[in-house]
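An overview of the molecular structure
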Amino acid sequence: MTSSVGLDRVLEPAGVLPQAAWRLDASPEISEDEVRVRVERLNLDAASYRQLSEKHGGDGAAIRAEVLEIVGARGKMHNPVTGSGGMLIGVVEEVGPRSPLGVQPGDRVATLVSLTLTPLRITDGLRDWDGRGEQVPAAGTAILFGRSIVGVLPADLAPELALAVYDVCGAPALTDRVVRGYDRPAVAVLGGAGKSGSLALAAARLAGARTIGVVRDEGEAVALRAAGIADVVVVADARNPVEVAAAVGEPATVTVVCVDVPGCEHGAILATAPGGTVIFFSMATSFPAAALGAEGLAADVTMLIGNGYVPGHAEFAVGLLRRVPAVRSLFEARLARD
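A few points on the structure.

The rules behind the values
- Residues numbered from 1 in each chain as written.
- Predicted model: local features only at pLDDT ≥ 70, side-chain atom pairs only at ≥ 80, totals over all residues.
- Heavy atoms only, no water.
- Pairing = 2+ DSSP bridges.
- Helix = DSSP H or I, 4+ residues; strand = E, 2+ residues; numbered from the N terminus.
- Right-handed = clockwise from strand over helix to strand, strands pointing away.
- Axes fitted to C-alpha atoms, helices over the stretch in contact; angles between N-to-C directions.
- Polar contact = N/O pair within 3.5 Å; in protein donor to acceptor, adjacent residues only side chain to side chain.
- Contact = heavy atoms within 4.5 Å.
- Core = buried A, V, L, I, M, F, W, Y, C linked by side-chain atoms within 4.5 Å.
- Buried < 20%, exposed > 50% of the residue type's maximum accessible area, 1.4 Å probe, protein only.
- Expected span 1.5 Å × (residues − 1).
- Arc of directions from axis to C-beta.

1. Focus: the pairing of strand β14 (residues 302-305)
Regular strands place side chains that alternate from one sheet face to the opposite one. Note: strand β13 (residues 272-280) against β14, four bridges, orientation parallel. Across the sheet, Val278 pairs through a bridge with Met303, a residue of β14. Following the backbone out of β13, through helix α9 (residues 287-296) and into the adjacent parallel β14, one traces a crossover that is right-handed.

In structure tokens, the structure reads:
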């Protein structure tokens, strides 16, 4: 049991699971049910990268230095401010004889678990990363446990594109599940032009919902309107509750929060109809603020934490990308900017 959930890798404090640990053992030697991956690229969580970029004023060298410092000190990429990490792609190097993950040496894979619980060692000083984007070319090793999740990269997608999709694949799968529990719902997505937001909109529309994309500026609105995955596109500051509710208009049945900045809880609650559901996919969410805000607004809404895992979530997200070319175009444009 201890190895299957990674307890043997916890250095401090003793007795907690790897995600809650301050420091992990990232040594490359594996136990019987572990897998070692040769790292090729990291994808930093959007909230984490935004915090680092704002802290250092966009100075790529300083951002790179802090990422190296975090990984070196903690044995994992676990931003101590945001509490979030990201995920990675790489090639399987060694598989323990009791590993249940179903991968083989040589498989090119994406880890579908957070970097906040993945033992990680960087060996190249991130020399090929300029610090100015969420995707990080890297060399090193990562360790997967028996209870980890991993996906073999699809052959028809560029690795960078697959990584970006897998990073947010929990969002569309859970959105689909929730939307199908309502009869002809309206779904509002805060951050609808982003990675998780665009996939959530596509999933909601395919599940039969009327979709409302909420974006931060007119540039994003133009891109989202061109994609055609939202029936209505509105511009609002997601941190301004009154502005969000006014922009959405008739309250939504389901509101999905995909914005990587703090302070979006109350707007999402205010924009949701009684008996509706709010799904929080942002790692910048304050869950006390959400709970107390709903109480203070006398809001009869169900609030869900998008934990990043729904059975079949990776295949579902890749299927959306294949079925909805406009979503793929949004992802590719974002990667080109980064």
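2. A closer look at the sheet that holds strand β7 (residues 135-144)
Ordered by their spatial adjacency, six strands build an open sheet running β6-β7-β3-β4-β5-β8, and the pairing between neighbours is antiparallel. Lying at the two open borders of the sheet, with one neighbouring strand each, are β6 (120-122) and β8 (150-152). Looking at each pair of strands side by side, their axes are set apart by 35 degrees on average, direction ignored.

3. Notes on the side chain of Arg9
Here Arg9 lies in the segment before β1 (10-12). There is a polar contact of 2.7 Å between the side chain of Arg9 and the backbone oxygen of Glu29. Setting aside residues no more than four positions away along its own chain, Arg9 makes contact with Arg23, Leu24, Asp25, Ala26, Ser27, Glu29, Ile30, Glu34, Pro119, Ile143 and Phe145.

4. Brief notes about the nonpolar core
Among the nonpolar cores identified, the biggest contains 53 residues, and Val256 and Phe331 are the most heavily contacted of them. Counting residues in each nonpolar core, the second largest holds 28 residues, with Tyr49, Ile63, Val67 and Met77 among its members.

5. Describing the sheet that holds strand β11 (residues 232-235)
Here six strands make up an open sheet; going across it, the order is β11-β10-β9-β12-β13-β14 and the pairing parallel. Only two strands of the sheet have a single neighbouring strand rather than two, namely β11 and β14. Between one strand axis and the next, the sheet turns through 20 degrees on average, direction left out of account. Sitting on the sheet, helix α5 (residues 195-206) is in contact with β9 (186-190), β10 (210-215) and β12 (252-257), with an inclination near 165 degrees to β10. On top of the sheet, helix α6 (residues 218-227) reaches β10 and β11; it is set at about 175 degrees to β11, its chief contact.

6. Some words on the pairing of β7
Extensive coverage of β7 is indicated by the burial of eight of its ten residues. Bridge count for β6 against β7 is three bridges, and the pairing is antiparallel. Residue pairing for β7: Arg121 is matched across the bridge by Thr141.

7. Focus on the environment of Gly197
Within the secondary structure layout, Gly197 lies in helix α5. Sequence-distant contacts of Gly197, defined by excluding residues within four places in its chain, comprise Val189, Gly191, Gly192 and Cys258.

8. Here's the deal with helix α11 (residues 325-337)
With 13 residues, α11 should reach 18 Å at 1.5 Å per residue; the first-to-last C-alpha distance of 18 Å fits that figure. When we look at burial in α11, the residues that qualify are Ala326, Val327, Leu330 and Phe331. Looking straight down α11, one finds that the buried residues subtend no more than 145 degrees of arc, so they occupy a single side. Away from its buried face, by an angle of more than 90 degrees, α11 presents the exposed residues Pro325 and Ala336. Those residues of α11 that are buried are in contact with α3 (159-167), α5, α6 and α10 (313-323).

Function cannot be inferred from these measures alone, as they are strictly geometric.
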